[in-house]
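Survey of secondary and tertiary structure
Listed here are the chains, written in short residue letters.
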Number of protein chains: 2
Amino acid sequence: MNKSDLKLISVLERTGGFASAQELHQILRREGDGIGLTTVYRALQSLVDDKIVDLLRRDDGEAIYRLCGDGHHHHLVCKGCGQTVEIEGGAIENWAKTMAEEFGFREVAHTAEIFGLCSKC
Amino acid sequence: MNKSDLKLISVLERTGGFASAQELHQILRREGDGIGLTTVYRALQSLVDDKIVDLLRRDDGEAIYRLCGDGHHHHLVCKGCGQTVEIEGGAIENWAKTMAEEFGFREVAHTAEIFGLCSKC
DNA sequence: TATGGAAATGATAATCATTTTCATTTGTGA
DNA sequence: TCACAAATGAAAATGATTATCATTTCCATA
Ligand SMILES: [Mn+2]
Ligand SMILES: [Mn+2]
Ligand SMILES: [Zn+2]
Ligand SMILES: [Zn+2]
C-alpha cells in the first residue's frame with residue numbers, strides 16, 4: 001500500500017462507479033497530478049490482488065475498476081450512466097455450488113452481474 | 001449467413017468449447033483454408049449478432065466464442081481444459097429480475113458463469 | 001450467356017489498451 | 001551519510017481488434 005495506491009483509492013472514492021485505467025489516469029492528470037500511466041496500471045493491479053478493488057470488463061473488453069465493499073458480492077450496473085449498486089448473490093450462491101457439484105467441478109468461482117437502465121436514465 | 005459463416009460454424013462444432021478468433025483462424029489455416037483473419041472476425045461478429053454463437057471474455061480480456069444452444073442459458077467452464085457445460089439459470093433468473101425491480105432498473109440483462117476444474121483436470 | 005452492380009474477401013495499415021524495459025528518483029534503515 | 005531496495009515514469013514493444021481499400025466472387029436481369 002504505497003503512495004500511488006492511495007491516490008487511486010482516492011479517485012475511485014470520488015468517481016463512485018466503474019472507470020477504466022485510462023480514465024482514472026486522465027482524471028488524476030486533470031487534477032494536476034503528474035502520475036504516469038504505468039504507475040496507474042501497477043497500482044490498480046496491486047489493489048485488485050489485495051481485493052480492494054473489483055475488476056470487470058466493458059463490452060469491448062476494456063478493464064474497468066471500482067472500489068469495493070468487503071466480501072463476496074455482485075453488481076447491478078446502469079448501462080446509461082454507470083451507476084453501480086452492490087448486491088447480494090442470494091439464491092445464486094447455492095445455484096453455483098449445486099451446478100458445480102452436479103458436474104463434478106472443483107475449486108469453483110462464479111461471476112454474476114446485472115445490467116440495465118437506472119430510474120434516472 | 002454466407003460461406004465464411006458456415007466455415008466458422010463448422011470449426012466451432014468440431015472444437016466444442018470456447019476458442020478465440022485467432023485460434024479459430026489458425027485451425028482453419030492448418031486445415032488448408034486460406035481464409036483471412038479479417039473475415040474470421042467479421043463472420044464471428046455476424047454470428048454473435050444473430051445469436052448463433054456466444055461471446056465471453058478470458059481473464060485477460062480476449063474475446064472467446066462458442067457455438068450455442070438455443071435460448072437463454074449459462075455456462076460451467078473448466079479453467080484447465082476449457083470444457084464447457086451449458087446449464088440452466090434456475091434461481092438466477094428470478095434473482096436478476098427481483099434485484100432490478102428493487103432498485104428501479106429497466107431493460108435488464110444479466111451474465112452468470114461458473115468457473116472451476118472439471119473431474120479430469 | 002453477357003454484364004453491371006452488390007456483397008464478400010483479404011492484405012495491409014491503423015488503433016488502442018496493456019505490458020515490458022530500463023534508467024532515474026525516492027525512501028529507509030544502519 | 002551510505003548503501004540498497006522500492007517506486008516511478010518515459011518510451012518502446014506487444015497483441016488483439018478494427019478500418020481501409022482494391023480485388024474477386026455472386027447474382028439478378030437483359
Ligand atoms: Mn463491488
Ligand atoms: Mn452457450
Ligand atoms: Zn443510469
Ligand atoms: Zn477440465
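Relevant structure appears above.
This one's a predicted model, so the numbers in the text were calculated from it and none came from an experiment.

This part takes up the packing of helix H1 (residues 3-15) of chain B against helix H3 (residues 37-49) of chain B. Residue and element names in this part refer to chain B. Where H1 meets H3, the closest approach of the two axes is 9 Å, and the angle between their N-to-C directions is 80 degrees. By the criterion of interaxial angle, the relationship of H1 to H3 is roughly perpendicular. Across the interface between the two elements, Ser4, Asp5, Leu8, Ile9 and Leu12 of H1 pack against Thr39, Val40, Ala43, Leu44, Ser46 and Leu47 of H3.

For these two chains of identical sequence, chain A goes onto chain B by a turn of 180 degrees and a shift of 0.0 Å along the axis, with RMSD 0.1 Å. Both chain copies can therefore be described as sitting about a two-fold axis. Proximity to the rotation axis, assessed at the C-alpha, singles out Ala112(A) in chain A; its C-alpha lies 2.0 Å from the axis. Comparing interface residues between copies, 98% of those in chain A also lie at the interface in chain B; the contact surface is shared.

All names here are of chain A. Distances from the manganese ion (ligand 1) to its protein donors, Cys68 (SG), His73 (NE2), His75 (NE2) and Glu86 (OE), fall at 2.1 to 2.6 Å. Donor residues binding the manganese ion (ligand 1) come from one chain and are separated in sequence as C-x4-H-x1-H-x10-E. Of this pair, histidine 73 sits in the loop between strand E3 (63-67) and strand E4 (74-78) while glutamate 86 sits in strand E5 (residues 84-87), placing them 13 residues apart in sequence. In this structure histidine 73 comes out as buried when scored by relative accessible area, which is 12%.

Reading the values: the criteria
- Residues numbered from 1 in each chain as written.
- Chains lettered and ligands numbered in written order.
- Predicted model: local features only at pLDDT ≥ 70, side-chain atom pairs only at ≥ 80, totals over all residues.
- Heavy atoms only, no water.
- Axes fitted to C-alpha atoms, helices over the stretch in contact; angles between N-to-C directions.
- Helix = DSSP H or I, 4+ residues; strand = E, 2+ residues; numbered from the N terminus.
- Parallel < 35°, antiparallel > 145°, perpendicular 65-115°, else oblique.
- Contact = heavy atoms within 4.5 Å.
- Least-squares fit on C-alpha atoms with pLDDT ≥ 70 in both.
- Donors = N, O, S within 2.8 Å, 3.2 Å for Na, K, Ca; no water.
- Buried < 20%, exposed > 50% of the residue type's maximum accessible area, 1.4 Å probe, protein only.

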